[in-house]
Amino acid sequence: MIKVLYQGQDITGSVSINHCVHDMFADGESDVLQITLNDTDRIWDSWGPKQGDIISLEYGAARTGKLFVYRCTPQNGLYSIAACAMPATAMENHSKAWEKVRFLQLAQEIAGRHGLALKQYGVEDVLYSYVMQPGQPDFTFFQERCALEGCSFLVYDGSLILYNQGYIESQGAVETVEVTPENQYEYKDNGGRLYGSCTVTAGRYSGSFTAGNGAARALEPALTAYIGSNAEAARFAKGLLRQANRGAQTGILHTKILPGLAAGSMANFQTHGAKSWDGASFIYHIRNNYATGKSKIFFRKPLEGY
């Protein structure tokens with residue numbers, strides 16, 4: 001059963017759900033809910049739902065967390081609501097420069113600006129001599145900064161959750177998923193597109209990182225971020241190489257909803273007929289269709305050494 005809370009009130013008994021899909025992302029995109037309610041009596045419009053309202057769903061142990069409504073669409077006999085985890089302020093541009101600022105200070109300032117709590121996992125609180133945000137939305141700017149440090153973030157239930165990718169990938173799996181012949185799945189080996197090294201140069205500073213994966217291609221990104229030392233350039237090279245290579249081995253699995261899994265967690269996949277893919281993988285996207293009880297899980301194999 002799907003439990004629906006709107007503006008903090010349980011309205012489950014007052015609604016009939018026609019369509020309900022929740023996409024959870026580990027980085028780069030906001031969680032999104034698309035829900036369509038049967039509205040033959042045309043009562044939803046009289047309730048006055050609006051942008052910025054808070055909606056959340058529960059499906060057994062699965063929780064969407066707090067989501068902000070950004071679109072309401074009345075239709076013939078239906079009423080559709082779209083909501084996301086990031087508040088509307090996420091789209092606003094900001095310009096600012098910092099001197100002698102730490103990574104977690106940036107994270108805390110951005111979280112606070114949007115009314116979010118900050119949680120972090122395995123993040124090194126490095127010190128920057130200078131950082132510039134040149135008229136960008138906060139989360140676009142922060143995503144770019146995270147990529148330099150081999151980190152990612154997601155927004156869930158009113159919190160900005162910042163994590164080091166390698167740290168999370170080193171953690172134990174939260175659940176074992178058995179993939180049987182009845183499951184539809186697709187695994188891809190993109191090893192031919194790997195980069196073996198990355199070199200970052202800005203002004204008089206330059207740094208490189210080599211993955212040791214045997215790949216010959218070298219990544220030389222054009223970087224606009226300020227670099228204050230050769231050591232910082234080498235650290236950025238490591239983070240950007242991880243960003244470029246993290247999709248080396250990926251998989252998609254169709255299954256029933258597994259409430260214990262969430263984007264940003266590790267799961268141990270065991271596949272009948274494809275044992276070479278067995279082992280822990282990082283889940284970067286889950287699409288749960290709560291109306292049908294079906295799930296589509298997107299995951300990737302961890303990178304080793306960086």
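Residues numbered from 1 in each chain as written. Predicted model: local features only at pLDDT ≥ 70, side-chain atom pairs only at ≥ 80, totals over all residues. Heavy atoms only, no water.

Draft legend 1. Region of the structure containing the packing of helix 2 (residues 103-113) against helix 3 (residues 138-148). At a minimum axis separation of 11 Å, helix 2 and helix 3 run at an interaxial angle of 160°. For the element pair helix 2 / helix 3, the angle class is roughly antiparallel. Along this stretch, helix 2 crosses helix 3, giving a crossing that reads as left-handed. Residues F103, L106, A107, I110 and R113 of helix 2 lie in contact with helix 3, whose contacting residues are D138, F139, F141, F142, R145 and C146. Residue composition of the contact of helix 2 with helix 3, by class: eight nonpolar, no polar and three charged. (Axes fitted to C-alpha atoms, helices over the stretch in contact; angles between N-to-C directions. Helix = DSSP H or I, 4+ residues; strand = E, 2+ residues; numbered from the N terminus. Parallel < 35°, antiparallel > 145°, perpendicular 65-115°, else oblique. Left-handed = near helix turned anticlockwise from the far one by under 90°. Contact = heavy atoms within 4.5 Å. Nonpolar A, V, L, I, M, F, W, Y, C, P; charged D, E, K, R; others polar.)

Draft legend 2. Broad picture of the packing of aromatic side chains. As enumerated under the stated definition, the model contains 17 aromatic pairs in all. Relative to F282, the ring of Y163 lies with its centre 6.2 Å away and its plane at 40°, an arrangement referred to as tilted. Here Y163, found in strand 13 (residues 159-164), pairs with F282, found in strand 21 (residues 279-289); they are 119 residues apart in sequence, far enough to count as distant. With respect to class, Y163 is no different from F282; both count as buried. Arranged with centres 6.3 Å apart and planes meeting at 55°, the rings of Y284 and F298 form a pair that is tilted. Residue Y284 is found in strand 21, and its partner F298 is found in strand 22 (residues 294-300); the two are separated by 14 residues along the sequence. Ring pairing ties together the aromatic residues F103, Y128, F139, F142 and F153, which thus form one cluster. Directly above the ring of Y128 sits R145, whose terminal nitrogen or CZ lies 4.6 Å from the centroid. Here the guanidinium or amino end of R217 rests over the ring plane of Y195, the centre of that ring lying 4.1 Å away. (Phe/Tyr/Trp six-rings, centres within 6.5 Å; stacked < 30°, edge-to-face > 60°. Buried < 20%, exposed > 50% of the residue type's maximum accessible area, 1.4 Å probe, protein only. Lys NZ or Arg CZ within 6 Å of the ring centre and 35° of its normal.)

Draft legend 3. Broad picture of the side chain of D27. Relative to the helices and strands, D27 is located in the loop between strand 3 (17-25) and strand 4 (32-38). The buried category is assigned to D27, whose relative accessible area is 12%. A polar contact is formed between the side chain of D27 and the side chain of S152, at a distance of 2.9 Å. Ignoring any residue separated from it by four or fewer positions in sequence, one finds D27 in contact with Q143, S152, F153, Y163, Q165, R246 and R300. (Polar contact = N/O pair within 3.5 Å; in protein donor to acceptor, adjacent residues only side chain to side chain.)

Draft legend 4. Highlighting the side chain of H114. By the element assignment, H114 lies in the loop between helix 2 and strand 10 (117-121). In terms of polar contacts, H114 uses its side chain to reach the side chain of D138, at 2.7 Å. With residues near it in sequence (within four places) discarded, H114 still touches P87, T89, A90, D138 and F139.

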